[in-house]
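Descriptive structure summary
Below, each chain spelled out in residue letters.
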Amino acid sequence: MKEHNHNSELPVGNFIRTRIEEDLGRYPKILTRFPPEPNGYLHIGHAKSICLNFGMARDYQGQCNLRFDDTNPVKEDVEYVESIKDNVRWLGFDWNDGLFFASDYFEKLYEFAVELIKKGHAYVDDLSAEEMREYRGTLTQPGQNSPWRERPVEESLLLFQQMREGVFADGAKVLRAKIDMQSPNLNMRDPVLYRIRKAYHHRTGNAWCIYPMYDYAHAVSDALEGISHSLCTLEFEDHRPLYDWALEALDMPKPRPQQIEFARLNLEYTMTSKRKLLQLVQEKLVDGWDDPRMPTLVGLRRRGYTASSIRSFCERIGVAKRDSWIEMDWLEQSLRDDLNPTVKRVMAVLEPLKVVIENYPEGTSEELDIPYFPDEPARMGSRKVPFGRELYIERSDFMEEPFKKFFRLAPGREVRLRFAYYITCQRVVKDEQGNIKELVCSYDPATKGGDSPDGRKVKGTIHWVSAAYALPVRTRLYDRLFVNPRPEGLDELNPESLKEITVYAEPSLATLAPGQRCQFERQGYFCADQELSQPGRPVFNRIVALRDSWAKLLKEGKA
RNA sequence: UGGGGCGUCGUCAAGCGGUAAGACCCGGGUCUUUGGAAUCCGUAUUCGUAGGUUCGAAUCCUACCGCCCCAGCCA
């Protein structure tokens, strides 16, 4: 049996890990790179790539560069550069001194292009975009050589120089690789290497009016940086021959970087296409890139997701070449796993139902000391929670006609108020329409703290909050942004993806700082919104609900 | 109908000729001041289909079927 898991701390082998391990001796060191184009905000799909690239570098004592693929000035902006750097750092990765821009290499890229022309590997073409499309042929028909293909080297050299000098208009000429117009791989049918684009570049300003294309710039950049493994997504598989061609045509030193492709992340109910995300923002279907419903890293961060939960999610989903759709539950479960042992538990009622304890002395109240983390009370300490004659409990914690497996409050039934007292429901008070208005209950003073001295057991424990001292808090509940698991377009948006309610929280929540997280007993994990919270007045985002197996029972009970 | 990829449990994913890892979900038990958490047990006689090679195949061969990507002077 082949032992793949050499180091027990490493996740089990994926094909990329295997490849790298085979190459360990062939390269001075393992050098990967994360190469975003600064044309938008990073999303959960990029997190997979970041974790992969930086993770491989970390696991094999190598290095991962952060390189901006800024070869198309009209789409790019410094705003994106800064947010990408910020997001990578937030995810917990460090590029050390490996921060690069493809635009840093523009001069070298130009010189290499000149070399290609001199070697007869490239030529300047005068065909228009439309003509070039016609000459390219189709999937089933070979292309035809451009009439300019055999233009003398000296002429191409001069024209390319003039392209750089701004002699020609946008689109008038391009530099093309001379490969094979007959190739069944369309990428090899004399692909464009340089185009004229008289546009302001966010880093080089107006220094250039010709810009290299991705395939050329990427291969050369990888080689210049000494990248060992250039990991990218599956759609670039057909580009690999071109990548290798460029390195060979330029006689780049060996060992050369190798491109390895993996499947991009597809997450159910979310969109991981920069174009569509941009559209969501532009059409104001969401509040912005950092809308807590967005799958962007800024969105997830604002929602309350932790960087470590995203990292463990990326590890959990694995890396392979088959198209896959990851269930939302994986992301959510990663978050719960992370937050469960690290976050304070507090009480808050989402949908209040008033409870009046008839035998509790009127006009009085008391404070109960309740641990923030009952599983290990010493770890996070405790807080005082006011208790009184009038309380709110969760509406769903009471059923007038309980089904068989419903263990919570019902007429005549005794339950425990968490860390407080046992109460028994005596009467149900209704309004004229027959809606339940409040419950009249009695409590057993001997059960203070939630334990009965006579050993009497109750089957249910419910959370509560003092009506007199409850803190009403603006709270935003989120649902999936799309109706369909595998959304096709924006017309499938879920109109109920955002619901705003008022939650009745225990007073200690007033001090929750923006960005801080907590667990509302039974309700889920919440985070004080960074943008909307005011000092002393938090606004909660529900990050994720708790796993709720009783909701299923409820449904079955009603059926 | 050209080329490049991919098909193993509901969902991910190991496996690379020696008789189907693991994870999420799911089902059940224990425990519990939340029906949460923790913990234990169970869950693919079968690897897209059909043939073939072999003592032995998810792994090799052949054919077929299905899905994804490619005709930007985007990345």
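Now for a description of the structure that goes with this document. In this text the structure is predicted, and so the values were computed from the model without any measurement. (Residues numbered from 1 in each chain as written. Chains lettered and ligands numbered in written order. Predicted model: local features only at pLDDT ≥ 70, side-chain atom pairs only at ≥ 80, totals over all residues. Heavy atoms only, no water.)

1. Let's talk about the sheet that holds strand 1 (residues 31-34)
Stated formally: Strand pairing is assigned whenever DSSP identifies at least 2 bridges connecting the two strands. Helix and strand assignments follow DSSP, with helices taken as H or I runs no shorter than four residues and strands as E runs no shorter than two, numbered in order from the N terminus. A fitted line through C-alpha atoms serves as each axis, taken over the contacting stretch for helices, and the angle formed by two N-to-C directions is quoted from 0 to 180°.
Sheet architecture is open: 3 strands sit in the order 1-2-3, paired in parallel fashion. Since the sheet does not close on itself, it has two edges, and those belong to strand 1 and strand 3 (99-101), each with one partner. Each neighbouring strand pair of the sheet contributes to a mean axis angle of 35 degrees, computed without reference to strand direction.

2. Remarks on the nonpolar core
Defined as follows: Buried Ala, Val, Leu, Ile, Met, Phe, Trp, Tyr and Cys residues that are joined via side-chain atoms within 4.5 Å together make up what is termed a nonpolar core. For the exposure calls, accessible area comes from a 1.4 Å probe over protein chains only, and a residue counts as buried if that area is under 20% of its type's maximum, exposed if over 50%, partly exposed in between. Contact criterion: two residues are considered in contact whenever any of their non-hydrogen atoms come within 4.5 Å of each other.
The biggest cluster of nonpolar side chains holds 40 residues, and the ones touching the most others in it are Ile44, Ile50, Phe54, Val88, Leu91, Ile310 and Phe313. At the level of secondary structure, the elements contributing two or more residues to this core comprise helix 2 (44-59), strand 2 (63-68), helix 3 (78-90), helix 10 (297-303), helix 11 (307-317), helix 12 (328-339), strand 24 (524-528) and strand 25 (540-544). The biggest single contributor to this core is helix 2, with 6 residues. Apart from the residues lying within four places of it in its own chain, the contact partners of Ile44 are Leu265, Leu267, Thr272, Pro295, Leu297, Leu300, Ile310 and Phe313. Grouped together as the second largest cluster of nonpolar side chains are 38 residues, Val114, Leu159, Tyr216 and Ala246 included.

3. Regarding the sheet that holds strand 11 (residues 348-349)
Strand order across the open sheet formed by 7 strands is 10-23-24-25-21-22-11, with mixed pairing between neighbours. Unpaired on one side and paired on the other, strand 10 (344-346) and strand 11 mark the two borders of the sheet. Relative to strand 23 (residues 517-520), strand 10 runs parallel, the two being bridged by 3 bridges. Of the residues in strand 23, the one forming a bridge with Val346 is Phe520. Across the sheet, helix 12 touches strand 23, strand 24 and strand 25, and the angle it forms with strand 25 is around 110 degrees.

4. Let's talk about the protein's contact with RNA strand B
Applicable threshold: It suffices for a single heavy atom of a residue to lie within 4 Å of a molecule or strand for the residue to be listed as near it. Whenever a nitrogen or oxygen atom comes within 3.5 Å of another N or O atom, the pair is scored as a polar contact, on the condition that within protein one atom can donate a hydrogen and the other can accept it, and that pairs from neighbouring residues in sequence are kept only if both atoms are in side chains. The classification used treats Ala, Val, Leu, Ile, Met, Phe, Trp, Tyr, Cys and Pro as nonpolar, Asp, Glu, Lys and Arg as charged, and all other residues, Gly among them, as polar.
RNA strand B sits among 70 residues. The nearest are Arg197, Gly449, Glu521, Arg522 and Leu553. When atoms of RNA strand B within 4 Å of the protein are split into backbone and base, the sugar-phosphate part holds 62%. Arg197 has a polar side-chain atom sitting 2.2 Å from a phosphate oxygen of RNA strand B. Contact between RNA strand B and Lys405: a base nitrogen at 2.8 Å from a main-chain N or O atom of the residue. Mapped onto the surface near RNA strand B, the elements with two or more residues apiece are helix 5 (129-136), strand 6 (192-196), helix 11, helix 12 and helix 14 (549-558). When grouped by side-chain class, the residues that make up the surface near RNA strand B number 25 nonpolar, 18 polar and 27 charged.

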